[in-house]
Amino acid sequence: QVQLVESGRCLVQAGGSLRLSCAASGRTFSNYAMGWFRQAPGKEREFVAAISQSGDDTPYADSVKGRFTISRDNAKNTVYLQMNSLKLEDTAVYYCAAKRLLTTTQAIGYTYWGQGTQVTVSS
């Protein structure tokens, strides 16, 4: 089992920045690829970004490319999502997820999920 707990400041104005963290426990963190997903009200969960075990593979959704950066610190068992130039449409519940082997943009490929953290971007 892998337990994932997200944290981060939850309310920010449009154009601002926010960093989410996801702390993992239970298994060897460096064995897992990590992903960030989000779900807005009335919409399906969508892929945001992912990172491989070593950090050398980092796919992004087109909607966040150039604004968001995913990173990880295997010594701290933590994955981060730095979000810059935030837009109103970035408002959603953000989830981190973990899976063995290769990164994927598909939510179904992830085994473990955090409880989610609400991010609200205001005008």
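The preceding data block contains the structure.
Residues numbered from 1 in each chain as written. Predicted model: local features only at pLDDT ≥ 70, side-chain atom pairs only at ≥ 80, totals over all residues. Heavy atoms only, no water.

S.K.: What is the right way to read the nonpolar core from this model?
M.R.: Nonpolar side chains in soluble globular proteins tend to be buried together. Within the largest apolar cluster, 35 residues are counted, with the highest numbers of intra-cluster contacts made by L4, M34, W36, L81, M83 and Y94. Where this core is concerned, the elements lending two or more residues are strand 3 (18-25), strand 4 (32-39), strand 5 (46-51), strand 6 (68-73), strand 7 (78-83), strand 8 (92-100) and strand 10 (117-122). Ignoring anything within four residues of it in the chain, the contact list for M34 reads L4, C22, F29, A49, A50, I51, I70, R72, V79, A97, A98 and Y110. (Core = buried A, V, L, I, M, F, W, Y, C linked by side-chain atoms within 4.5 Å. Buried < 20%, exposed > 50% of the residue type's maximum accessible area, 1.4 Å probe, protein only. Helix = DSSP H or I, 4+ residues; strand = E, 2+ residues; numbered from the N terminus. Contact = heavy atoms within 4.5 Å.)

S.K.: Even after reading the chapter, I still don't get unusual backbone geometry, so can you show me in this structure?
M.R.: Note on backbone geometry: most residues besides glycine have negative phi, and most peptide bonds are trans. Residue N77 is not a glycine yet carries a positive backbone phi of 55°. A positive phi angle is found at L101, which is not glycine, with a value near 65°. Relative to the helices and strands, L101 resides in the loop between strand 8 and strand 9 (112-113). Exposure remark for L101: the relative accessible area of 63% places this residue in the exposed category.

S.K.: Would you mind going over the state of the cysteines with me for this structure?
M.R.: Covalent bonding between the sulfur atoms of two cysteines is what defines a disulfide. Scanning the entire structure with this criterion turns up one disulfide. Through a disulfide, C22 is tied to C96; the S-S separation comes to 1.9 Å. Between C22 and C96 the disulfide shows an S-S torsion of about 45°. By sign, it is right-handed. Of this pair, C22 sits in strand 3 while C96 sits in strand 8, and the two are 74 residues apart along the sequence. Since its relative accessible area comes to 0%, C96 is described here as buried. C96 provides the cysteine sulfur closest to C10, a residue in no disulfide bond, and the two sulfurs are 13 Å apart. Judged by relative accessible area, C10 falls into the partly exposed class, the value being 34%. (Disulfide = S-S within 2.5 Å.)

S.K.: Whenever I open this one, the pattern of salt bridges confuses me. Can you help?
M.R.: Counted by the stated rule, this structure contains four salt bridges. The salt bridge partner of D90 is R38, with a shortest N-O separation of 2.8 Å. You can see D90 sitting in the loop between strand 7 and strand 8 and its partner R38 sitting in strand 4, a full 52 residues away along the chain. The same class applies to D90 and to R38, which are both buried. The shortest N-O distance in the salt bridge between D62 and K65 comes to 3.2 Å. The exposed category is assigned to D62, whose relative accessible area is 67%. Taken together, the shared-partner salt bridges in this structure form one network comprising R38, E46, R67 and D90. (Salt bridge = Lys/Arg side-chain N within 4 Å of Asp/Glu carboxyl O.)

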